[in-house]
2 protein chains.
Amino acid sequence: MLLPAIQARFACRDFVPGQAPSPQQLAELIEAGRLAPSAFGLEPWRLVVVTGPGDRTAIARACFDQPAARTAPAFIVVVALVEALEPGSDYVRERFQAEARGGDPAPIHAAYRAFHRPADIAIWACGQCNFAAENILLQAAHLGLGSCPIGGFDEAALRAAMESPAGEVPALVIAVGQCAEAQPARVRKLTY
Amino acid sequence: MLLPAIQARFACRDFVPGQAPSPQQLAELIEAGRLAPSAFGLEPWRLVVVTGPGDRTAIARACFDQPAARTAPAFIVVVALVEALEPGSDYVRERFQAEARGGDPAPIHAAYRAFHRPADIAIWACGQCNFAAENILLQAAHLGLGSCPIGGFDEAALRAAMESPAGEVPALVIAVGQCAEAQPARVRKLTY
C-alpha cells in the first residue's frame, strides 16, 4: 500500500543524533528521486547527499539552525540546474535526444524554446524539483525514516556550503534520519 | 514496497476508452494529493476531478488534443490558489492558525510576509502543486492505473473549460485511466 507511506510522512523537527541512514537507504532515496517525472523530460535537478559533520554544520547554519536542520544526521539537497536549461545548451540537447528515443527531437525542442522564459526559469526549475523531492520524502517514510523538507534558507550561505556552481540554485534541503518525535495530529484542509 | 510504484509510473499517452477510474479509486487519488506537504503548510491547491464527456473534451482541446488528453477517461486538474496566497488573506490566516496548532501564528506569518513576492507567487504556487501531483501520480501507479502529467496547455482555454475564478491558476492536468500501451524503456540521466 502506498497511502500508509503518504500518511506516515510528516515534517520531523527532531532527529536521533548519530543515526544517519545507511548507504543502502541513501541509495534508495536517491533512486526514488531519480525516477521522478519532469516537464519535457528535463530532470532539471542534482541530488546531493551530505553526511559529513562539517558540511552538515554549514548547511544547518544556512537553514538558520532550525531544529530539523540542526539535528539531522544527513541531508539530501535538491539542486535546480538553471543555467543548463538554456534552450541552446548541451544539457537540453542531450535530454531531448534521449527523450526522442531515436526519433526527431526538433518538435520538443521547438516547444521548449516557446516555453522558456529566462526571468521565470529558476523558480520554475525549483518547482520541478518538488517531483523528485516528494519521491524522496515518501521513500524515507516507507523506509521508516523521518524527513523534513526545508525551503527556508539563506541562499548565499547554502550555495557557499554546497560550493554550488554559478548556474545551479538550491531548491530544497531535505533533512533525513531517525525521527525522535511522534507524528503529530495532521492538519489539512477538509474540502477540495 | 514503494519503489515498484515509482518504477511503474510513466507518462501514458494512450488510454483505454470508456474505462474511467472508479469513484473509490478517484477518492484515493485525491486523498493522496491532499496529504502532500507544502511550504508554510499552505496547501496552495485545489484538486478537481473531471469525468464528464463535455468537460473532458474541452480540457483535451485546451491541452492541444495531445494523445494522452484526447484519450483520457478522467482528469485530475491541480489548480494553484494564487490570490488566496496574499499575506493578508483570510485563507492564509486560517492556514497559519491551523499550522500553529493552538500556538501563536505570528512568527510563521511574519516569515511568510518576508518570503512573499507578488511577481513570482503564481509560478511558485504551481511548483508547490507538484508535491500533490506526484502523490497522485504514484497512487495511480499503485492502483494499476496509467497517468500522464500535462503541463503544456492553453491557459486561457483551460481556465474557460474549468470556469476558474480569477485568482486561481491551473498548474497541471493529470490524465488518468487504464493505460493502453506498455511501459517504454525508461530514459534517465545516469549520474547524480
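Predicted, not measured: the structure shown is a model, and the values here were computed from it.

S.K.: Please provide a residue-by-residue account of the overall build of chain A, values included.
M.R.: Counting its regular elements, chain A contains 8 helices and 4 strands. Counting from the amino terminus, helix and strand elements in chain A follow one another as α-α-β-α-α-β-α-α-α-β-α-β. Relative to the 2.2 N^0.38 estimate, which gives 16 Å for 192 residues, the radius of gyration of chain A is 18 Å and therefore close to what a compact globule would have. Based on the C-alpha atoms only, the size of chain A along its principal axes is roughly 50 × 40 × 35 Å. Residue burial in chain A is summarised as follows: out of 192 residues, 54% are buried. In chain A, once contacts between residues fewer than 6 apart in sequence are set aside, the share between residues at least 24 apart is 79%. Positive and negative side-chain charges in chain A, numbering 16 and 19 respectively, have mean positions lying 6 Å apart.

S.K.: Describe the confidence of the model for chain A, with residues and values.
M.R.: Scored by pLDDT, chain A has a mean of 96; 99% of the residues are at 70 or more. For this predicted complex, the interface confidence reaches an ipTM of 0.97, while the overall pTM sits at 0.97.

S.K.: How would you summarise the relation of the copies chain A and chain B if you had to cite specific residues and measurements?
M.R.: The transform that puts chain A on chain B rotates by 180 degrees and translates by 0.0 Å along the axis, for an RMSD of 0.0 Å. The transformation just described matches what one would write down for a two-fold rotation axis. Looking at the rotation axis and the C-alpha trace of chain A, the residue lying nearest is Gly127(A), at 1.8 Å. Comparing interface residues between copies, 100% of those in chain A also sit at the interface in chain B, which points to an isologous, same-surface contact.

S.K.: Any chance you could break down the side chain of Glu28(A) for me, citing the residues and the numbers?
M.R.: Along the polypeptide, Glu28(A) turns up in helix 2 (residues 23–34). Excluding residues that lie within four positions of it along the chain, Glu28(A) makes contacts with Gln139(A), Leu143(A) and Leu3(B).

S.K.: Lay out helix 7 (residues 121–142) of chain A with the relevant residues and their values.
M.R.: All names here are of chain A. The end-to-end C-alpha distance of helix 7, which contains 22 residues, comes to 32 Å, matching closely the 32 Å that a straight helix rising 1.5 Å per residue would cover. Taken as a whole, helix 7 carries its principal kink of about 30 degrees at Phe131. Counting buried positions along helix 7 yields 20 of 22 residues, so the element is predominantly enclosed.

S.K.: Go over the sheet that holds strand 2 (residues 74–81) of chain A with me, naming the residues and quoting the values.
M.R.: Residues and elements named next belong to chain A. One open sheet holds the 4 strands; their spatial order is 1-2-4-3, and the pairing between them is antiparallel. Here the strands that pair on one side only, and so sit at the sheet edges, are strand 1 (45–50) and strand 3 (146–150). Averaged over all pairs of adjacent strands, the angle between their axes in this sheet comes to 20 degrees, without regard to strand direction. Pairing of strand 2 with strand 4 (residues 168–177) involves 8 bridges; the strand directions are antiparallel. Its bridge partner lying in strand 4, Ala74 is registered against Val176.

S.K.: A description of the nonpolar core should follow, citing residues and the corresponding values.
M.R.: The biggest cluster of nonpolar side chains holds 68 residues, and the ones touching the most others in it are Leu29(A), Leu47(A), Ile174(A), Leu29(B), Leu47(B) and Ile174(B). Setting aside chain neighbours within four positions, we find Leu29(A) in contact with Ile76(A), Ile136(A), Gln139(A), Ala140(A), Leu143(A), Leu145(A) and Val176(A).

S.K.: Break down the state of the cysteines for me, with residues and values.
M.R.: Working definition: the covalent bond between the sulfur atoms of two cysteines is a disulfide. Residues and elements named next belong to chain A. Scanning the entire structure with this criterion turns up 2 disulfides over all chains. The disulfide partner of Cys12 is Cys179, and the gap between their sulfur atoms is 2.3 Å. Disulfide Cys12 to Cys179: torsion about the S-S bond roughly 100 degrees, handedness right-handed. Of this pair, Cys12 sits in the loop between helix 1 (3–8) and helix 2 while Cys179 is found in the segment after strand 4, placing the two residues 167 residues apart along the sequence. Accessibility expressed as a relative area gives 0% for Cys12, which makes it buried. With no disulfide of its own, Cys63 lies 9.3 Å from the sulfur of Cys148, the closest cysteine sulfur. The exposure class assigned to Cys148 is buried, which follows from its relative accessible area of 0%.

S.K.: Help me get a handle on the sheet that holds strand 4 (residues 168–177) of chain B, residues and values and all.
M.R.: Residue and element names in this part refer to chain B. Spatial strand order, 1-2-4-3: 4 strands in an open sheet with antiparallel pairing. Edge positions in the open sheet fall to strand 1 (45–50) and strand 3 (146–150), since each of these has one partner strand only. Taking the axes of each pair of neighbouring strands and ignoring which way they run, one obtains an average angle of 20 degrees across the sheet. Pairing of strand 3 with strand 4, which is carried by 5 bridges, proceeds in the antiparallel orientation. When the sheet's bridge partners are listed, Pro149 is paired in strand 4 with Ile174.

S.K.: Can you lay out the interface of chain A and chain B for me, pointing to particular residues and giving the numbers?
M.R.: With 47 residues of chain A at the contact, the number on the chain B side is 47 residues. The interface formed by chain A and chain B includes 0 salt bridges. Counting the contacts that link chain A with chain B gives 24 residue pairs in polar contact (both at pLDDT 80 or more). Listing elements by their share of the side of chain A that touches chain B, those giving two or more residues are helix 1, helix 2, strand 1, helix 5 (90–99) and helix 7 of chain A.

Reading guide: rules and limits
Counting restarts for each chain: residues are numbered from 1 in the order of the written sequence. Each chain takes a letter, starting from A, and each ligand takes a number, starting from 1, following the order in which they are written. Per-residue local features are limited, in this predicted model, to residues with pLDDT of at least 70; the limit for side-chain atom pairs, both in listing and counting, is 80 or more; totals at the level of whole chains, interfaces and linings are taken over all residues. Only hydrogens and water are set aside; all other atoms, that is, all heavy atoms of the structure, feed into the side-chain values. The helix and strand labels rest on DSSP assignments: H or I over at least four residues marks a helix, E over at least two residues marks a strand, and numbering proceeds from the N terminus. For this measure, only C-alpha atoms enter the radius of gyration; the expected value for a globule follows 2.2 Å times N^0.38, where N is the number of residues. Accessibility here uses a 1.4 Å probe with only protein chains present; expressed as a share of the type maximum, an area under 20% marks a residue as buried, one over 50% as exposed, and anything in between as partly exposed. Note on definitions: a residue-residue contact is assigned when non-hydrogen atoms from the two residues lie within 4.5 Å. Neither His nor the chain termini are counted; the positive set is Lys and Arg, and the negative set is Asp and Glu. All charge positions are set by atom: Lys at NZ, Arg at CZ, Asp at CG, Glu at CD. Confidence scores labelled pLDDT are given residue by residue by the predictor and lie between 0 and 100. C-alpha atoms of residues with pLDDT of at least 70 in both copies form the basis for the least-squares superposition of the copies. What a helix should span is 1.5 Å times the count of its residues minus one. Bending is quantified residue by residue as the angle between axes fitted to the seven-residue window ending at that residue and the seven-residue window starting at it. Any two strands with at least two DSSP-identified bridges between them are counted as paired. Angles here are taken between N-to-C directions and fall from 0 to 180 degrees, while the axes themselves are lines fitted to C-alpha atoms, restricted in helices to the stretch in contact. In this text, buried Ala, Val, Leu, Ile, Met, Phe, Trp, Tyr and Cys residues form a nonpolar core when linked through side-chain atoms within 4.5 Å. Here, the term disulfide refers to a pair of cysteine sulfur atoms separated by no more than 2.5 Å. By convention in these notes, a salt bridge is any Lys or Arg side-chain nitrogen within 4 Å of a carboxyl oxygen on Asp or Glu. What qualifies as a polar contact is a pair of N or O atoms within 3.5 Å, subject to a donor-acceptor requirement within protein and to the restriction that residues adjacent in sequence count only when both atoms come from side chains.

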